[in-house]
Amino acid sequence: MIASAASQDMTFAIMLVGIAVVLLVGLAFGRLARRLRQPAVIGEITAGIVLGPSLLGLLPGDLPQRLFPADVRPFLSAVSQVGLVLFMFLVGWEFEKRLVRPHAGLAVGVSLSSIALAFGLGAALAAVLHPHHSTVAGHHVSFPAFAVFMGTAMSVTAFPVLARILSDNKLLDTRVGSLALASAAIDDVLAWCLLAYVSALVSADGDYTELVRIGALSVCYVALMLLVVRPLLARLVWRWAGTERWTQLLVVLCSGAFASAWLTTWIGIHAIFGAFLFGFVMPREPSRLLAEHMLKPLGHVSLVLLPVFFIVTGLGVDLGALTAGDGLALVLIITVACAGKLLGAILPARMLGFTWRESKDLGLLMNTRGLTELIILNAAVSLGVLDGRMFTMMVIMALVTTAMAGPLLSRRVERVEGPSRKPVSDRIAPHS
């Protein structure tokens, strides 16, 4: 018994050391990325890959296994999932209709066009890749599930990363930047809906009766959140905000996010959808008080926990496992990913009267995938849709499409009238 307790204590201690390494290396690479005019998320993802088998694993002594032993990794994964649920709660909370409303018609057109083309090309690409990646851990992955996932992964635009790129490049008050933010906000919502469908499809495992059950429960869940939970939260926030019971309110909201994530997992769709929707139904007023007492503390917690998510992701990336055929597949994946989002945004922008330069910039911005893509990729791994090689190639694609935006953006663009606007996503995206 004593030996067992000592072993558990050592496992816990190794996990703490691993988290310490994660935070420091992630901080260093994030700062390096910002110096290179890249979002910090690029550096943090790279840090995860460096600490994994792709680089550190090439050195003598099996260092990744020493830093992150197999019996510690489930604990690291659990910590990363807590950070991810809180982050998705914040993303849902920070989704503001007022970002979309001034450009509703244009944003819907650009968003649907870029999603439709990217999804179609991704599904077509799935037909080429599926025969080589149809078995994951001895389990057959159906083509519909694989195709819908590939379409979803190609359709993503990372709203938090996009907001940071616009801020860094001083493009927030341009009509391209405003339209990109609005379109990306719509993209995010549609991406989570598509991921929920993929989750249901995989959970049903070809049983259409089960798929109908999951669909019906999902509709009931959404109705419950919109019709019951949202007014209750609004009443609670206004009542407790007046008495400054911020600590109690913070505990209730975190508990609600975790409970909502559990409920969607029980239904058969991924936990992040539950966290996102719980944030989505949160009241936005009183905005100043909520930002100061709720959003800022939660953002700080997310800042500490999310780098662990990047490391867990990096540990699953093994560049050395890719074959020559995978190299060709990777080029095809990146090409299709760029073509879908670039053309899907450039063509409607030109039809709406934007110049070629503005349309190109809009396409580059909509092509950034960043953290949102990693969330979807990890969800696909947990659902058993992706094998290790496919996961590695998709992570590389996410890095390339995000990194290419900043250097290729035009520096001279037409600015819209009115004061510069700072998107609220900046308050929750320290990692981007």
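Now for a quick tour of the structure.

## Things to note about the overall build of the chain
The helix and strand tally for the chain stands at 18 helices and 2 strands. When burial is assessed residue by residue, the chain has 54% of its 432 residues classed as buried. For the chain, restricting intrachain contacts to residue pairs at least 6 apart in sequence, the fraction spanning at least 24 positions comes to 83%. By element, 69% of the accessible surface of the chain is carried by carbon and sulfur atoms, the whole surface being about 18400 Å².

## Side note on the layout of surface pockets
The calculated volume of the largest pocket comes to roughly 380 Å³. Together, 21 residues line the largest pocket, and Ser-77, Val-312, Asn-378, Val-381 and Ser-382 are the ones closest to its centre. For the lining of the largest pocket, the secondary-structure elements that each account for two or more residues are helix H4 (73–94), helix H13 (287–315), helix H16 (370–382) and helix H17 (388–403). If one sorts the elements of the lining of the largest pocket by residue count, H4 sits on top with 6 residues. Residue composition of the lining of the largest pocket, by class: 10 nonpolar, 9 polar and 2 charged.

## A short note on the packing of aromatic side chains
All told, the structure shown has 3 aromatic pairs when counted by the stated rule. Geometrically, the ring pair formed by Phe-89 and Trp-93 is tilted, given 5.4 Å between the ring centres and 40° between the ring planes. Of this pair, Phe-89 and Trp-93 both sit in helix H4, separated by 4 residues, roughly a single helical turn. With respect to class, Phe-89 is no different from Trp-93; both count as buried. Pairing Phe-89 with Phe-278 gives two aromatic rings, centres 5.6 Å apart and planes at 40°, and the pair type is tilted.

## Re the packing of helix H7 (residues 143–155) against H16
Direction vectors running N to C along H7 and H16 enclose 165°, while the axes themselves pass 9 Å from each other. Here H7 is positioned roughly antiparallel relative to H16, judged by the angle of their axes. In this structure, the crossing between H7 and H16 has a hand that is left-handed. Residues Phe-149, Thr-152 and Ala-153 of H7 touch H16, and the partners they reach there are Glu-373, Ile-376, Leu-377 and Ala-380.

## Digging into the environment of Leu-322
Within the secondary structure, Leu-322 is located in the loop between H13 and helix H14 (324–351). Residues Leu-322 and Met-390, spaced 68 residues apart in sequence, show a C-alpha to C-alpha distance of 9.0 Å.

So, how was this worked out
Residues numbered from 1 in each chain as written. Predicted model: local features only at pLDDT ≥ 70, side-chain atom pairs only at ≥ 80, totals over all residues. Heavy atoms only, no water. Helix = DSSP H or I, 4+ residues; strand = E, 2+ residues; numbered from the N terminus. Buried < 20%, exposed > 50% of the residue type's maximum accessible area, 1.4 Å probe, protein only. Contact = heavy atoms within 4.5 Å. Areas by Shrake-Rupley, 256 points an atom, 1.4 Å probe, with all protein chains shown as cover. 1 Å grid on protein atoms, 1.4 Å probe; cavity = no way out; pocket = protein on both sides within 12 Å on 5 of 7 lines; lining within 4 Å. Points joined across faces, edges and corners; volume = space filled by probe spheres on them. Nonpolar A, V, L, I, M, F, W, Y, C, P; charged D, E, K, R; others polar. Phe/Tyr/Trp six-rings, centres within 6.5 Å; stacked < 30°, edge-to-face > 60°. Axes fitted to C-alpha atoms, helices over the stretch in contact; angles between N-to-C directions. Parallel < 35°, antiparallel > 145°, perpendicular 65-115°, else oblique. Left-handed = near helix turned anticlockwise from the far one by under 90°.

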